[in-house]
Amino acid sequence: MSEPHVGWTTEQRAAVKRYVQFAAAFAVAGIALSVFLIASGNSGGWGLLAIIGCVSAIGYFFIERGKSGRV
């Protein structure tokens, strides 16, 4: 018999919130650097922007999966 899904504890939600805020701060800094590199004519800015987008999308889907209770 499987245990019922009761959701995340308060501590787990608080930890995820801290991690998301930390990641968001780095994402904003990375996007600013990417825009600067693109404006300077450096093609590496597009690569950095793509990496930030992929990591952000993976994080978003990971958190949504946790919210819905699917494992």
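Refer to the preceding data block for the structure.
A brief report on the enclosed structure follows. Keep in mind that this is a model prediction, so the values were computed, not measured. (Residues numbered from 1 in each chain as written. Predicted model: local features only at pLDDT ≥ 70, side-chain atom pairs only at ≥ 80, totals over all residues. Heavy atoms only, no water.)

### With respect to the overall build of the protein chain
Scanning the protein chain for helices and strands turns up 2 helices and 0 strands. Split into buried and exposed, the 71 residues of the protein chain put 11% on the buried side. Summing over all exposed atoms, the protein chain offers an accessible surface of approximately 5,900 Å²; the carbon and sulfur share of this is 70%. (Helix = DSSP H or I, 4+ residues; strand = E, 2+ residues; numbered from the N terminus. Buried < 20%, exposed > 50% of the residue type's maximum accessible area, 1.4 Å probe, protein only. Areas by Shrake-Rupley, 256 points an atom, 1.4 Å probe, with all protein chains shown as cover.)

### Quick notes on the packing of aromatic side chains
Evaluation of the coordinates by the stated rule reveals 2 aromatic pairs. Ring centres of Phe-22 and Phe-26 lie 5.0 Å apart, and the angle between their planes is 70°; this geometry places the pair in the edge-to-face category. With Phe-22 and Phe-26 both in helix α1 (residues 10-39) and 4 residues apart, this pair spans about one turn of that helix. Assessed through its relative accessible area of 56%, Phe-22 is described here as exposed. Take Phe-26: its relative accessible area is 55%, and that puts it in the exposed class. Measuring from ring centre to ring centre gives 5.3 Å for Tyr-60 and Phe-61, while their planes differ by 70°; the resulting arrangement is edge-to-face. On the basis of relative accessible area, Phe-61 is assigned to the exposed category, the value being 56%. (Phe/Tyr/Trp six-rings, centres within 6.5 Å; stacked < 30°, edge-to-face > 60°.)

### Considering α1
Between the first and last C-alpha of α1 there are 43 Å, a value that for 30 residues agrees with the 44 Å anticipated at 1.5 Å per step. Within the sequence span of α1, burial applies to Ala-15, Ala-27, Gly-30, Ser-34 and Leu-37. Backbone geometry just after α1 places Gly-41 at a positive phi near 90°. (Expected span 1.5 Å × (residues − 1).)

### Section: the environment of Ile-52
Summarising the element assignment, Ile-52 is placed in helix α2 (residues 44-68). In this view, Ile-52 contacts Ala-27, Gly-30 and Ile-31; residues no more than four positions away in its chain are not counted. (Contact = heavy atoms within 4.5 Å.)

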